[in-house]
Amino acid sequence: MLRRTLLLGALQGPAPLVDTHLHFFAKDQKRFPYHPQGTYQPPPEDVEDYARFAPTVGITQAVIVHPEPYQDDHRY
């Protein structure tokens, strides 16, 4: 397959809708607590809710960014 054929095929399909920067905050604060020195403690916005929401608006890809309230704890 030629490169131009591949690119033309990609242009003919639907363009992906990408959420380029989002954070998740766990509902289960006992299992995933905020760091005591975190600068803010936002309300829960969890990955499960987002997974239900994204397809309804056509989001096909997302970039998840680790939020500050968890500091160096990357479990969630």
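Details of the structure are given in the entry above.
Residues numbered from 1 in each chain as written. Predicted model: local features only at pLDDT ≥ 70, side-chain atom pairs only at ≥ 80, totals over all residues. Heavy atoms only, no water.

Chemist: With reference to specific residues and values, describe the packing of aromatic side chains.
Modeler: Tallied over the full model, the rule gives eight aromatic pairs. Judged by centre distance (6.3 Å) and plane angle (70°), the rings of Phe25 and Tyr34 are edge-to-face. We classify Tyr34 as buried; its relative accessible area is 10%. By way of ring pairs, the aromatic residues Phe25, Phe32, Tyr34, Tyr40, Tyr70 and Tyr76 are connected into one cluster. (Phe/Tyr/Trp six-rings, centres within 6.5 Å; stacked < 30°, edge-to-face > 60°. Buried < 20%, exposed > 50% of the residue type's maximum accessible area, 1.4 Å probe, protein only.)

Chemist: So what about the side chain of Asp46? Which residues, and what values?
Modeler: By the element assignment, Asp46 lies in the loop between strand S1 (17-22) and helix H2 (47-57). Taking the relative accessible area as the measure of exposure, Asp46 reaches 8% and is therefore buried. At 2.9 Å, the side chain of Asp46 forms a polar contact with the backbone nitrogen of Asp49. If we ignore the near neighbours within four places in the chain, the residues touching Asp46 are Phe24, Phe25, Lys27 and Tyr76. (Helix = DSSP H or I, 4+ residues; strand = E, 2+ residues; numbered from the N terminus. Polar contact = N/O pair within 3.5 Å; in protein donor to acceptor, adjacent residues only side chain to side chain. Contact = heavy atoms within 4.5 Å.)

Chemist: Provide a residue-level description of the environment of Ile64, including the pertinent values.
Modeler: Mapped onto the fold, Ile64 is located in strand S2 (residues 59-64). Classification of Ile64 as exposed rests on a relative accessible area of 56%. C-alpha separation for the pair Ile64 and His23, spaced 41 residues apart in sequence, amounts to 5.9 Å. Leaving out residues up to four positions away in the same chain, Ile64 has contacts with Leu22 and Phe24.

Chemist: So what's going on with the pattern of salt bridges? Residues and values would help.
Modeler: The final tally for this structure, using the stated rule, is four salt bridges. One salt bridge connects Arg52 with Asp49, and the closest N-O pair in it is separated by 2.4 Å. One end of the pair is Arg52 and the other is Asp49, both in helix H2 and three residues apart, which spans about a single turn. Ionic pairing is found between Arg75 and Asp73, a salt bridge with its closest N-O pair at 2.7 Å. A residue is classified by how much of its surface remains accessible, and Arg75, at 52% relative accessible area, is exposed. Classification of Asp73 by relative accessible area gives partly exposed; the value is 24%. Through salt bridges that share partners, Lys27, Asp46, Asp49 and Arg52 make up one connected network. (Salt bridge = Lys/Arg side-chain N within 4 Å of Asp/Glu carboxyl O.)

Read these as layout, nothing more, since geometry by itself doesn't imply function.
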